[in-house]
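Chain by chain, the residues:
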Amino acid sequence: MRVAILSAGPRLAETFDPSEPFGARIAVNAAAAVYPCQWWCCGDAQTFARVVPPADWPAPALFTMTESDSHFRNRKSTAQRLERHRMVLWSEVVQRVHPPAEATNWSITAALALAVDLGASEVNVYGHYYEGEDESNVTDCSGYTLAKRAENRERVIRDWRVVRRWAEGLGRRIHEHAPAHHAEAAPCT
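These numbers were taken from a predicted model, which means no experiment stands behind them.

The rules behind these values
Residues numbered from 1 in each chain as written. Predicted model: local features only at pLDDT ≥ 70, side-chain atom pairs only at ≥ 80, totals over all residues. Heavy atoms only, no water. pLDDT = per-residue confidence, 0-100. Helix = DSSP H or I, 4+ residues; strand = E, 2+ residues; numbered from the N terminus. Contact = heavy atoms within 4.5 Å. Pairing = 2+ DSSP bridges. Axes fitted to C-alpha atoms, helices over the stretch in contact; angles between N-to-C directions. Buried < 20%, exposed > 50% of the residue type's maximum accessible area, 1.4 Å probe, protein only. Arc of directions from axis to C-beta. Phe/Tyr/Trp six-rings, centres within 6.5 Å; stacked < 30°, edge-to-face > 60°.

A. Up close: the confidence of the model for the protein chain. With 85% of its residues at a pLDDT of at least 70, the protein chain reaches an overall mean of 86. Looking over the protein chain, one finds the lowest element-wise mean pLDDT in helix α3 (residues 71-74), namely 66, and the highest in strand β1 (residues 2-6), namely 98. Predicted confidence is poor over residues 184-189, with pLDDT under 50, and the contacts of this stretch with residues over four places away or in other chains come to 16 contacts.

Next up, the structure:
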């Protein structure tokens, strides 16, 4: 099965063609409000509160760190929205596919573990592009400024590489799509 991971990076729209067919789409964080998907990898309730997929789209399954995060149910608006989503915990997938510990450090790495759990033979990653990227760019695909993005950049890259090697070791083909004007550069490998 071909799976698409739609990262919330600022270059998502430059790399993803929504007409391309996939067995499953996994949106990471803010990408869930940009393109419809079957899965939404959103590790924390703060992001869930900020990102609202359009109500006329089918509600994706919420793949999250913990259901006990009181912020999901803290506010009436998020508690009501939560009812639309089936919730699957990162720990459930970890128990089934046994990824490296780095898989639960970030939503993008957890999304790759989910793709493996879903049975992906090929994973196409869009919007997660670092090679040659302007390091000062701290805005996601929805225009939200992520102050910690630059600070976390190297750790995300390191952890992504570990989880990617694990998935490839299981026979999964991973394709990271770079913007056309960076096609000659190797994506985050």
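Now that the structure has been shown, the text picks up again.
B. Fine view of the sheet that holds strand β4 (residues 61-64). Strand order in this open sheet of seven strands is β5-β4-β3-β2-β1-β6-β7, and the pairing throughout is parallel. Whereas interior strands pair on both sides, the edge strands pair on one side only; in this sheet they are β5 (87-89) and β7 (173-177). Averaged over all neighbouring strand pairs, the angle between strand axes comes to 20 degrees, with direction disregarded. Bridge count for strand β3 (residues 39-41) against β4 is three bridges, and the pairing is parallel.

C. Region of the structure containing helix α5 (residues 90-97). Every buried residue of α5 is accounted for by W90, V93 and V97. Taken end-on, α5 shows its buried residues confined to a sector of 65 degrees, consistent with a single buried face. The positive-phi residue at the C-terminal boundary of α5 is H98, with phi of around 55 degrees.

D. Layout of the environment of G127. Residue position: G127 is located in the loop between β6 (122-126) and α7 (149-169). Using a relative accessible area of 1% as the deciding quantity, one classes G127 as buried. Contact partners of G127, with chain neighbours within four places excluded, come to S7, G9, R11, L12, T15 and H177.

E. Representation of the pairing of β6 in the model. Of all five residues that make up β6, five are buried, and the element is covered over most of its length. Burial along β6 is two-sided: the face carrying E122, N124 and Y126 and the face carrying V123 and V125 are both buried. Both β6 and β7 contribute to a ladder of five bridges, which runs parallel. When the bridges of β7 are listed, Y126 appears paired with H177.

F. A look at the packing of aromatic side chains. In this structure the tally under the stated criterion is seven aromatic pairs. When the ring of F16 is compared with that of Y35, the centres are 4.9 Å apart and the planes differ by 70 degrees; the resulting orientation is edge-to-face. Of the two residues, F16 sits in the loop between α1 (12-15) and β2 (24-28) while Y35 sits in the loop between β2 and β3, which places them 19 residues apart along the sequence. Per residue, the accessibility class of F16 equals that of Y35, and both read buried. Centre to centre, the rings of F22 and Y126 are 6.2 Å apart; their planes meet at 75 degrees, and the pair counts as edge-to-face. Here Y126 lies in strand β6 and F22 lies in the loop between α1 and β2, a separation of 104 residues in the sequence.

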